[in-house]
Amino acid sequence: MKGTGDRFQHETKYEPGRMPGHQLIWETKPDLYKEYPEALKVELPSFEPSRTMSLDQALKQRKSVREFQPKSISKGQLSYLLWASTGIQRVEEGYAFRTAPSAGALYPIETYVVANNVRTLEAGLYHYSIRTHQLEQLQSGDLRRQIAAAALGQGMCATASAVFVWSAVFERCKWKYGQRAYRYIYLDAGHIAENLALAAVSLNLGSCAIGALYDGQANTIVGVDGVEESVVCMAVVGVPLL
Ligand SMILES: Cc1cc2nc3c(=O)[nH]c(=O)nc-3n(C[C@H](O)[C@H](O)[C@H](O)COP(=O)(O)O)c2cc1C
């Protein structure tokens, strides 16, 4: 059975002698940082993992965790998870690079957090300001029911301490790569998701990636239009049920 995906794969192929001769227009390069100037800012504490785990151990221990204890994670742990998944890790010649690689360093993925049970953080929806390593509070209140419903009713979204919701600002990557950008955008999100999974293990927390979601419902929760910016995947994090 052939469909949209097959056509997309075919039509976005690079082939010798058939490369798009696209000129970059630097004046139209999209901003790489989304910010909510009106939102209440929440400082994130600097955080180092309390005990060091080798990469080998983290790789061996990572698995999808879908059942959680009704326990909170700390704001420091959330801070580390945000930084480890997509935070700024170095600056070279004035350009900030992040913990996960990104095609063309264009960083199309935005991170939102539904905080269900994070110590000293009001329950609600937050946007991660990557540039300042702060949270921006977009909504307060219990969103467990809505976020689980948006994930096709997957209950782990309600029992996890936090749900990471990743959206893509498509134009950041399309500006350079045109339609081929869609390949890279999903790859970028996957890199961030795996960074989160390994960082969670290193803190003795559990996580599970979520691709099964109602796009419209997820977009409504984080307040994006689904056209310029749309949710691409999510992940839950919490204290695993022993
Ligand atoms: C892109 C992607 C989407 C996924 N979506 C879901 C999901 O919606 N619900 C779920 O329970 N697990 C989801 N998973 C987790 C996979 O089911 C899991 O990674 C797989 O069964 C392998 O098991 P492991 O992660 O424990 O090694 C997803 C994983 C990926 C990478």
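Above this text sits the structure in question.
What you see is a predicted model, and the numbers here were worked out from it, not measured in a lab.

Asker: Help me out: how do you make sense of helix 8 (residues 215-222) in this one?
Answerer: Since the α-helix packs 3.6 residues into each turn, any two residues three or four apart lie on the same face. Of the residues making up helix 8, those classed as buried are A218, N219, I221 and V222. Within helix 8, the buried residues cover an arc of 160° as seen down the axis, which keeps them to one side. Next to the buried residues of helix 8 lie strand 4 (109-115), strand 5 (124-129), strand 6 (134-140), helix 4 (144-150), strand 7 (162-169) and strand 9 (229-238). Following helix 8 by one or two positions, G223 adopts a phi angle in the positive range, close to 80°.

Asker: Looking at this model, I keep getting lost on the pairing of strand 3 (residues 95-98). Mind explaining?
Answerer: Taken residue by residue, a regular strand's side chains alternate between the two faces of the sheet. Pairing geometry for strand 2 (residues 88-92) and strand 3, over four bridges, is antiparallel. Pairing of V91 across the sheet is with A96, part of strand 3.

Asker: Before we go on, may I ask you to explain the packing of helix 3 (residues 75-86) against helix 7 (residues 181-202) in this structure?
Answerer: Angle between the axes and distance between the axes: these two values describe a pair of packed helices. Across the interface, helix 3 lies against helix 7 with an axial gap of 7 Å and an inter-helix angle of 140°. Relative to helix 7, helix 3 is oriented oblique. Once helix 3 is placed against helix 7, the crossing between them reads as right-handed. Contact residues: helix 3 offers Y80, L81, A84, S85 and T86, while helix 7 offers I192, N195, L196, A199, A200 and S202. Residue composition of the contact of helix 3 with helix 7, by class: seven nonpolar, four polar and no charged.

What counts, and where the lines are drawn
- Residues numbered from 1 in each chain as written.
- Predicted model: local features only at pLDDT ≥ 70, side-chain atom pairs only at ≥ 80, totals over all residues.
- Heavy atoms only, no water.
- Buried < 20%, exposed > 50% of the residue type's maximum accessible area, 1.4 Å probe, protein only.
- Helix = DSSP H or I, 4+ residues; strand = E, 2+ residues; numbered from the N terminus.
- Arc of directions from axis to C-beta.
- Contact = heavy atoms within 4.5 Å.
- Pairing = 2+ DSSP bridges.
- Axes fitted to C-alpha atoms, helices over the stretch in contact; angles between N-to-C directions.
- Parallel < 35°, antiparallel > 145°, perpendicular 65-115°, else oblique.
- Left-handed = near helix turned anticlockwise from the far one by under 90°.
- Nonpolar A, V, L, I, M, F, W, Y, C, P; charged D, E, K, R; others polar.

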